[in-house]
Number of protein chains: 6
Amino acid sequence: MDVLAAKSMIESSTSCDFDEYIKTYSGIATFFRAKHTRDLAETDIALVGLPMDAGLTQRTGARHGPREVRSQSCNVLYFNPLTNISPLSLCRVRDIGDVPIPSAFDLRRMIDEIFAFYQRLDAANVVPITVGGDHSITFPILKALGVKTPVGLVHIDAHFDTAETISGSTLHHGSPFWNGVQAGVLDPKRTVHIGLRDPYTEFERPFADETGMTVIDINRFHDMGLANVIKRTREVIGEGPAYISFDIDGLDPAFAPGAGTPAVGGLTSYEAKRLLQGLRGLDFIGGDLVEVSPPFDSAGITALAGAQMLFEILCLNAEAWAKRAKAGA
Amino acid sequence: MDVLAAKSMIESSTSCDFDEYIKTYSGIATFFRAKHTRDLAETDIALVGLPMDAGLTQRTGARHGPREVRSQSCNVLYFNPLTNISPLSLCRVRDIGDVPIPSAFDLRRMIDEIFAFYQRLDAANVVPITVGGDHSITFPILKALGVKTPVGLVHIDAHFDTAETISGSTLHHGSPFWNGVQAGVLDPKRTVHIGLRDPYTEFERPFADETGMTVIDINRFHDMGLANVIKRTREVIGEGPAYISFDIDGLDPAFAPGAGTPAVGGLTSYEAKRLLQGLRGLDFIGGDLVEVSPPFDSAGITALAGAQMLFEILCLNAEAWAKRAKAGA
Amino acid sequence: MDVLAAKSMIESSTSCDFDEYIKTYSGIATFFRAKHTRDLAETDIALVGLPMDAGLTQRTGARHGPREVRSQSCNVLYFNPLTNISPLSLCRVRDIGDVPIPSAFDLRRMIDEIFAFYQRLDAANVVPITVGGDHSITFPILKALGVKTPVGLVHIDAHFDTAETISGSTLHHGSPFWNGVQAGVLDPKRTVHIGLRDPYTEFERPFADETGMTVIDINRFHDMGLANVIKRTREVIGEGPAYISFDIDGLDPAFAPGAGTPAVGGLTSYEAKRLLQGLRGLDFIGGDLVEVSPPFDSAGITALAGAQMLFEILCLNAEAWAKRAKAGA
Amino acid sequence: MDVLAAKSMIESSTSCDFDEYIKTYSGIATFFRAKHTRDLAETDIALVGLPMDAGLTQRTGARHGPREVRSQSCNVLYFNPLTNISPLSLCRVRDIGDVPIPSAFDLRRMIDEIFAFYQRLDAANVVPITVGGDHSITFPILKALGVKTPVGLVHIDAHFDTAETISGSTLHHGSPFWNGVQAGVLDPKRTVHIGLRDPYTEFERPFADETGMTVIDINRFHDMGLANVIKRTREVIGEGPAYISFDIDGLDPAFAPGAGTPAVGGLTSYEAKRLLQGLRGLDFIGGDLVEVSPPFDSAGITALAGAQMLFEILCLNAEAWAKRAKAGA
Amino acid sequence: MDVLAAKSMIESSTSCDFDEYIKTYSGIATFFRAKHTRDLAETDIALVGLPMDAGLTQRTGARHGPREVRSQSCNVLYFNPLTNISPLSLCRVRDIGDVPIPSAFDLRRMIDEIFAFYQRLDAANVVPITVGGDHSITFPILKALGVKTPVGLVHIDAHFDTAETISGSTLHHGSPFWNGVQAGVLDPKRTVHIGLRDPYTEFERPFADETGMTVIDINRFHDMGLANVIKRTREVIGEGPAYISFDIDGLDPAFAPGAGTPAVGGLTSYEAKRLLQGLRGLDFIGGDLVEVSPPFDSAGITALAGAQMLFEILCLNAEAWAKRAKAGA
Amino acid sequence: MDVLAAKSMIESSTSCDFDEYIKTYSGIATFFRAKHTRDLAETDIALVGLPMDAGLTQRTGARHGPREVRSQSCNVLYFNPLTNISPLSLCRVRDIGDVPIPSAFDLRRMIDEIFAFYQRLDAANVVPITVGGDHSITFPILKALGVKTPVGLVHIDAHFDTAETISGSTLHHGSPFWNGVQAGVLDPKRTVHIGLRDPYTEFERPFADETGMTVIDINRFHDMGLANVIKRTREVIGEGPAYISFDIDGLDPAFAPGAGTPAVGGLTSYEAKRLLQGLRGLDFIGGDLVEVSPPFDSAGITALAGAQMLFEILCLNAEAWAKRAKAGA
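Residues numbered from 1 in each chain as written. Chains lettered and ligands numbered in written order. Predicted model: local features only at pLDDT ≥ 70, side-chain atom pairs only at ≥ 80, totals over all residues. Heavy atoms only, no water.

Peer 1: Explain the overall build of chain A to me, please; I cannot follow it from the model alone.
Peer 2: Looking only at helices and strands, one finds 12 helices and eight strands in chain A. Compactness check: chain A gives a C-alpha radius of gyration of 18 Å against a globular reference of 20 Å for 329 residues, within 12% of the reference. Structurally, chain A occupies a C-alpha span of about 55 × 40 × 40 Å along its principal axes. Split into buried and exposed, the 329 residues of chain A put 74% on the buried side. Put simply, 76% of the contacts in chain A that link residues at least 6 apart link residues at least 24 apart. For chain A, the computed accessible surface area is about 9,000 Å², with 52% contributed by carbon and sulfur atoms. A distance of 5 Å separates the average location of the 30 positive side-chain charges in chain A from that of its 40 negative side-chain charges. (Helix = DSSP H or I, 4+ residues; strand = E, 2+ residues; numbered from the N terminus. Rg over C-alpha atoms; globule rule 2.2 N^0.38 Å. Buried < 20%, exposed > 50% of the residue type's maximum accessible area, 1.4 Å probe, protein only. Contact = heavy atoms within 4.5 Å. Areas by Shrake-Rupley, 256 points an atom, 1.4 Å probe, with all protein chains shown as cover. Lys, Arg positive; Asp, Glu negative; His and termini not counted. Charge placed at Lys NZ, Arg CZ, Asp CG, Glu CD.)

Peer 1: What am I meant to see in the relation of the copies chain E and chain B here?
Peer 2: Each of the two copies of the chain can be brought onto the other by a rotation about an axis and a shift along it. By a simple turn and slide, chain E fits onto chain B: the slide is 0.0 Å along the axis, the RMSD is 0.0 Å, and the turn is 180°. Overall, the copies show the geometry of a two-fold rotation axis. Residue Asp106 of chain E, judged by its C-alpha, is the member of chain E lying nearest the rotation axis, at 2.3 Å. In this assembly, 100% of the residues forming the interface of chain E have copies in chain B that are likewise at the interface, indicating an isologous arrangement. (Least-squares fit on C-alpha atoms with pLDDT ≥ 70 in both.)

Peer 1: Please explain the relation of the copies chain A and chain E as it appears in this structure.
Peer 2: When chain A is fitted onto chain E, the two copies agree to an RMSD of 0.0 Å after a turn of 120° and an axial shift of 0.0 Å. Read as a symmetry element, the transformation amounts to a three-fold axis. By C-alpha distance to the rotation axis, the residue of chain A lying nearest is Ala254 of chain A, at 3.1 Å. Comparing interface residues between copies, only 10% of those in chain A also sit at the interface in chain E, which points to a heterologous contact through distinct surfaces.

Peer 1: Is there a simple way to think about the sheet that holds strand S3 (residues 93–98) of chain C in this case?
Peer 2: As a general point, the strands of a sheet are linked pairwise by backbone hydrogen bonds and lie either parallel or antiparallel. Residue and element names in this part refer to chain C. Pairing in this open sheet of nine strands is parallel, and the strands run S1-S3-S2-S4-S9-S8-S5-S6-S7 from one edge to the other. Each edge of the sheet is formed by a strand with only one pairing partner; in this case those strands are strand S1 (35–36) and strand S7 (214–217). The sheet contact formed by strand S4 (residues 127–132) and strand S9 (residues 283–290) spans three bridges and is parallel. Note that in S9 the partner of Thr130 across the bridge is Asp288. Against the sheet, helix H11 (residues 269–277) touches strand S5 (151–156), strand S6 (186–196) and strand S8 (241–247), its axis set at about 175° to S8. (Pairing = 2+ DSSP bridges. Axes fitted to C-alpha atoms, helices over the stretch in contact; angles between N-to-C directions.)

Peer 1: Help me understand helix H8 (residues 204–211) of chain D in this model?
Peer 2: An α-helical turn contains 3.6 residues, so any two residues separated by three or four positions project in the same direction. All names here are of chain D. When H8 is considered as a whole, its buried residues turn out to be Glu204, Phe207, Ala208 and Thr211. Within H8, the buried residues cover an arc of 95° as seen down the axis, which keeps them to one side. Positive phi shows up at Gly212, right after H8, with a value of about 90°. (Arc of directions from axis to C-beta.)

Peer 1: Is there a simple way to explain the packing of aromatic side chains in this structure?
Peer 2: According to the stated counting rule, one finds 24 aromatic pairs over all chains in the structure shown. Relative to Phe79 of chain E, the ring of Tyr78 of chain E lies with its centre 5.3 Å away and its plane at 65°, an arrangement referred to as edge-to-face. Among the residues examined, Tyr78 of chain E registers a relative accessible area of 8% and is labelled buried. On the basis of relative accessible area, Phe79 of chain E is assigned to the buried category, the value being 11%. When the ring of Phe32 of chain F is compared with that of Phe311 of chain F, the centres are 5.3 Å apart and the planes differ by 65°; the resulting orientation is edge-to-face. Placement of the pair is Phe32 of chain F in the loop between helix H2 (18–22) and strand S1 (45–50) and Phe311 of chain F in helix H12 (residues 301–328), with a sequence separation of 279 residues. There is no split in this pair, since Phe32 of chain F and Phe311 of chain F are both buried. Here the guanidinium or amino end of Arg59 of chain B rests over the ring plane of Phe296 of chain B, the centre of that ring lying 3.9 Å away. (Phe/Tyr/Trp six-rings, centres within 6.5 Å; stacked < 30°, edge-to-face > 60°. Lys NZ or Arg CZ within 6 Å of the ring centre and 35° of its normal.)

Peer 1: Is there a simple way to explain the interface of chain E and chain B in this structure?
Peer 2: By convention, interface size is frequently given as the accessible area that disappears when the constituent parts associate. Counting from both sides, the interface comprises 26 residues of chain E and, opposite them, 26 residues of chain B. Approximately 1,700 Å² of surface area, both sides summed, lies buried where chain E meets chain B, with 53% of it carried by carbon and sulfur atoms. Counting the contacts that link chain E with chain B gives zero salt bridges. The residue makeup of the side of chain E that touches chain B, split by class, is 10 nonpolar, 11 polar and five charged. (Buried area = accessible area lost by both parts, 1.4 Å probe. Salt bridge = Lys/Arg side-chain N within 4 Å of Asp/Glu carboxyl O. Nonpolar A, V, L, I, M, F, W, Y, C, P; charged D, E, K, R; others polar.)

Peer 1: Explanation requested: unusual backbone geometry in the structure shown.
Peer 2: The phi torsion of most residues other than glycine is negative, and most of the peptide bonds are trans. Note that the residue after Gly132 of chain C, namely Gly133 of chain C, is joined by a cis bond; omega there is 10°. Position of Gly133 of chain C among the secondary structure elements: in the loop between S4 and helix H6 (138–145). Unlike most non-glycine residues, Asn84 of chain D shows phi in positive territory, near 65°. Relative to the helices and strands, Asn84 of chain D is located in the loop between helix H3 (65–73) and helix H4 (87–90). The backbone of Asp161 of chain F shows a phi angle near 60°, a positive value even though the residue is not glycine.

Peer 1: Hey, could you run me through the arrangement of the chains in this one?
Peer 2: The least C-alpha distance between chain A and chain D, which are not in contact, is 13 Å. As for chain E relative to chain C, no contact occurs, and the smallest C-alpha gap between them is 13 Å.

Peer 1: I tried to follow the interface of chain A and chain E on my own but got confused; where do I start?
Peer 2: Facing 29 residues of chain A, the contacting portion of chain E comprises 29 residues. Linking chain A with chain E are one salt bridge. Residue Asp223 of chain E is joined to Arg274 of chain A by a salt bridge in which the shortest nitrogen-to-oxygen separation is 2.9 Å. Our count for the chain A to chain E interface comes out at eight residue pairs in polar contact (both at pLDDT 80 or more). (Polar contact = N/O pair within 3.5 Å; in protein donor to acceptor, adjacent residues only side chain to side chain.)

Peer 1: Help me out: how do you make sense of the side chain of Gln277 of chain E in this one?
Peer 2: Counting through the fold element by element, Gln277 of chain E comes out in helix H11 (residues 269–277). Residue classification places Gln277 of chain E among the buried residues on the basis of a relative accessible area of 11%. Those residues in contact with Gln277 of chain E that lie beyond four places of it in its chain are Asn80, Leu82, Thr83 and Glu312 of chain E together with Asn219 of chain F.

Peer 1: Got a minute to help me understand the pairing of strand S8 (residues 283–290) of chain E in this structure?
Peer 2: Remember that side chains alternate between the two faces of the sheet whenever the strand is regular. Residues and elements named next belong to chain E. In terms of burial, S8 is largely enclosed, as seven of its eight residues are buried. As defined by bridge partners, strand S7 (residues 241–247) adjoins S8 across six bridges and the pair is classed as parallel. Bridge pairing in S8 places Asp247 opposite Val290. In this fold, S7 hands off to H11, which returns the chain to S8; that crossover is right-handed. (Right-handed = clockwise from strand over helix to strand, strands pointing away.)

Peer 1: What exactly am I supposed to notice about the pattern of salt bridges here?
Peer 2: Throughout the structure, instances matching the rule amount to 72 salt bridges over all chains. In this structure, a network of salt bridges that share partners links the residues Lys35, Glu42 and Arg94 of chain A.

Peer 1: Got a minute to help me understand the sheet that holds strand S5 (residues 186–196) of chain D in this structure?
Peer 2: Residues and elements named next belong to chain D. In space, the eight strands of this open sheet follow the order S2-S1-S3-S8-S7-S4-S5-S6, with parallel pairing throughout. What marks the edges here is a single partner per strand, and that holds for strand S2 (93–98) and strand S6 (214–217). Each strand of the sheet is rotated relative to its neighbour by a mean of 15°, with strand direction disregarded. The pairing of S5 with S6 spans four bridges and is classified as parallel. Its bridge partner being in S6, His193 is matched across the sheet by Val215.

See below:
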């Protein structure tokens, strides 16, 4: 596709005219300055905020994540200069606002309300790309997406998030993938964890091992090298539908100080971007970026890193959507 | 007007449902969560951002002001608990986005482009309430509003902003009111400066004095007392159309660290709010809040103070609008 | 009591020797470097942390409050140079650590667990002075303290906190005093709200008025003057047992940027301290400092202001304890 | 003196041309953009940095004070718009750089080296205005200035700084005035402390009282009112030579978060400026601004407040110098 | 050259005595504590500030860059411990202050004024090393330096900066190298871009490719490896005169949060330093460090990184100067 | 050892019950939530704070290090997920509070007082792991530990710290290892410096070379590769008793902005952790983490990185202790 045509398509699908995308500080902030709508019928991929952090166990603030990621995302270009993907030109990408959650003080009810919303998106054939919010939100999303076929998972994080009970509850930001497996919506054999170095409990690694998940902790990541990590991840995910969940604490605190559970010794943002760029062609049907905590951020670099990772996730999903669309045509 | 009816009117005119106005951190940020539109026909009062800071002479960053004031304004209630005004219920208040400015590197051209935009608003009978941007923006706004009748001015600031030439130009953030008088759109006899303590040049006070402006510098403010300042201001402004321009550096840097030209020894935010509340009944036809510089802010307190001052300005203008509407009916 | 004797008593009751109280940055941080114990039998007044923020509706972070207030409290002197009170010499003041709360993700259960803990303190005749945490914690504390006699209340805050339901729950940080009245543990006739300027909902002021609470909003505070505010407060509270609840957002954001629900135009820290110093002699049986949110703080000034207010609250309670002890002897 | 003549004089005495004083962010930073020289023969008033903080007992960082105050002082105008003083036109004001101190790790030796430097300034008839550094520096300065006649003192601070021994030493930032009295260089009868609220030890107030110092703590400050505080201060200081020492923690932490020993409930910057403006005509022979700690500052507001207070101190000293010069002519 | 001799030369050429270079926080800040002069006759290499940011399109603040880089540069040693170069001993390195720019509000005029200044430096045979300011300043510098022979260029940046028109102007911080080629002062065949990952427009890479520039984007940088990048760069630059331009956003935001246009996934500061150290022997005739934006910095780490990169650039230029001097002798 | 048994042991030896180690923000902060005691008889490894920064030559603040490292250490797990070491279960690890230092203003006396304290620890057979404070503290510690046998040293730092005299003193944060060699308590042949890039003086490298120390500067570190660095370090240290000293500025400022003497181009936190993990089996008899300067930190990431490095140091020492205990049994 040629560049001018792409830009023309982008302009018609975004909220901004040419000048505004140069003046990144201008205009009401939507994700990547995409057009805002609540109309699912005109939406192929929905960028959606989920400002909820009732599931956190350590530092707070993820509820403020979507607004700041929106703000910083306006600084991200509409095309990917290293892979040449223009996601906004591949399908109808929209910012549909934030997930409405009537409750606020009881995590279990909130998780149910989130699940109901993603069921609606799924029913409308909309691919959801979510900005959290804490990591507890990924379970109700997977529950909506994996109801027919358990999904594969690329999980970048400092933590396994396969814990069971903490403070008397199995719902929290350390358990989405334990819940996903219990609910039968996540396929552990097609799950890869990358960047781990700081699990919550001593039970998470055994659970991952016993259920057949692939674990590439940070030491193994460096021992294998990036190319082999990509290769192995592609092998594990294979052909089926896959989801990608990026916890910002997968990055080292130097790159993402504004994280809910920062853990020293993590990925650089280059490593993370290159890793994501290596996953083109997998059949992604959604993704999320979670745990950006603006109150702990510095000069917006965490939200900016989050926005950039989100953009790579959007690129992967847009290509996958286009491939499926073409196959379906 | 009873409260429930007001709330019902508000709900239909805002972008949010009941739950969202409680969750102030949720949703795409518009000013006071007002409905976004670009349709002037459905707008009585336009809240508009003007992210332009090419006129600054000291610290930078005012271009980032509108986005952060939008964000913090979501924390401001839809009604004023101290005056009981619900501006969103008095008229159709809309966030019309940011002023489009094609140029970027030549202040003179930008000032012209701004003027053209406000002419359009004026032609559509829309009352503009603007969030800058640096103070140079007030001149083209006045030029549009005062073309038929020179306006009166309530000006809260650490500086006179009646300077002439700096760095070879008469257009800059220290000269909007010199320009306004030169252009015949500002009535110096109906102009009050409040809070002054740090003029740019030694020529500004003489200009103000010679043209008959009323000057209440910070020492005189305290010597007179708040009640007398309000009384004197009301006398000077009188019956005619008036504009209100609030430079955030009118507040002390403790209350507004994120200012473009901070000056020690200023107003407290209580004094400023009470002052504004004392100006009810004047015939305001527009206003602005300028010079919020987020890069120098701390925990958003400057943007929040700006949002709160903006809300008082909105209340004043909404009441004035309603009064004119009633008189016109 | 002479100074050297007082110091000697203090030394035996605190965790520090003479040198350490000069080196305020040295040692494991307890509140005011008081001795740490979990033994209630050696405790007259318990300083206790309550790191819980599940009841917040706006900005997060109050869970991090107790640790930072402990840290900054080490910079506060062991005597009050303006009132000459040495609270640590009046009774056995201890830091008993933080309230244990088994739950984490369901506010209702957490409130119950908090209530149970304060029942234990009350049964042991220990006066609790609590550092929150969000304001929802005050209801279970009052429920424990007011079970025999409804307590009077001095409430310093930007908000009424007499709201009923938000996001489907009556338990949250905007409702402790609505709950207190409903439960019959708070006497609205002996309740004074000071500094109000930003209620959550339009129903809070009517509730306060109808139940007979005294409301001194920030405008009235300035119109009355500090001396009259103190006088009126003393009259309303009268002779009976009283509780004091200080929400750090009662201070202006300039003085307390790290607040959960900052509201512009508030009290200065001088006004707040002087107000508290004016309440000596009232029969306080407990108090709290809530809503310090360190992630939004700047250079620790909010936590320091909180620690200083806490110290005044401690002084008031220590004098009241000593007076009761003397009367009982 | 007319304004243009004054400006012309200023230009010849400063390091900057007209344009540079408008562009406050341009050029190598000296205090108030005054000319830099090490030649005492061309200097009437020396602005000098003293980056030394070995005498601190609480928070560190005052060694970084002079550089940041220089930087922020470039934002202060060359004339005082509220008193119409142009200090740079009254005498030869120079930035002579920083006090050279060969030692670094033994406070006693450093104090001796500082003393030797100020003896040289005094021998050259240069009036020193110093930016610290911690408050321990004031003793060696007084020792040099008061050797013939004990000086009077205006002292604005949260603390008495009349303590004796801390951590085994009588030299530290809490003892300059105890040392000054012991050395016979400070006249306690002509000493006024303003703004006190947080002494280090319980012995400081008795020492002040017993030696006949005037104490206006923060409560008394408000009870008397600003006008009476000024009147009383003028009476106490009287005709003789006087020194002015401004500890930035005299301001409330809201106005000066970057202080070494912040104490809640202090002066506003307006109150402090107005107080200083009220002391015109006293025979000042030097002054200092101490304890600005940039690592704890926020957006430079503390250094800016310090620079503004320094400017008022410069105005007072320049007028006193000119008066003496005229009397001597 | 032996070390003591070198130090002796340095001392005579810098503003500081031995003690002061240990106390890095002492003294008026010049670049690397070099001697300040405006006398070009005593200057071989001029360190010069250019506080101008009218060409920015995204985040502001570069006008504040020179002052902060000066401040942080005082923390950099006078010798390079990894290459053993002592640039201050190789030639007369001076801090000549900031470029005087009479205009302020019209980028085109400012660019002309900058050009005129560098013509003067060039006429005086002074090698300029500039601290910006935004990247638009590099064009007028190249225009002065490349007038006789088009220069080669080592360009480290996240962006190509070969864009043409943005917001109606060809002058801005994204176009210096497009302008350089158009003006015939930059040799595209001897130009290498390193670290690219975030161009402004889709036209920049084609321009670079078509004119024969060498492009090593961040992915290619890692694929080639540092040693090969250095080798390739040396080949492209070859024997002729070369300029080096370092945009601080070439570093990842973790290393340089205070950048005007931060882009995630960049160079580490180790990689950048090692790269620069690998370019010894090339015939550099000037260089710049641009886009340091202190308002977005954290604890000065961006300014410090900038100062360190500047020092490597100074080392390269000093060696080149000495080589030419020797050849010319 | 099986996991549950380990946890059971940990619980009995720490200050926290199960719930509290999940709620990392709860409770009075001790290092890694270890039990606090002053009883050396129940202590095998003592975690101890040393809040002293009188030996700094550049940026200040290390006195505030222990308190912040304690706070952040509560976020570190009680087991090492990458090496499977649970140090708290290997021996009795206690937080014994801070080193008492009666002096405050004379470094020489303070160093003597520190030495006396570590003699007491050594006499009690307690392994000390210290959190500074500035690096001058390491000499008196080595003096106590190496009195019988000179110790080997693993030293991670940006600087050699083998300088002699600065500002007239041989005691300062740049000389601990010069002093250690002079005192015969440090074995230079068994000393390895890693990460160097920014020595204070030109005499430090010659001293290191001449005494036979092994120097792996940052360039050599990358040229050798991590595996070879580990191998070489193990060879140099060999079988004898060894000490490990980690200056936080060994990390790049991106990872540790809050350092006393930050130097660009340093280690990543991954590299540092992996390096430490590679030293298992060496006979460590103590260690320290120094120069964390909270006033310059950002969101606590430096203190967190420090806590994580401290945990690896604790793991190494606990394993060495257990090995010696087993050998001794």
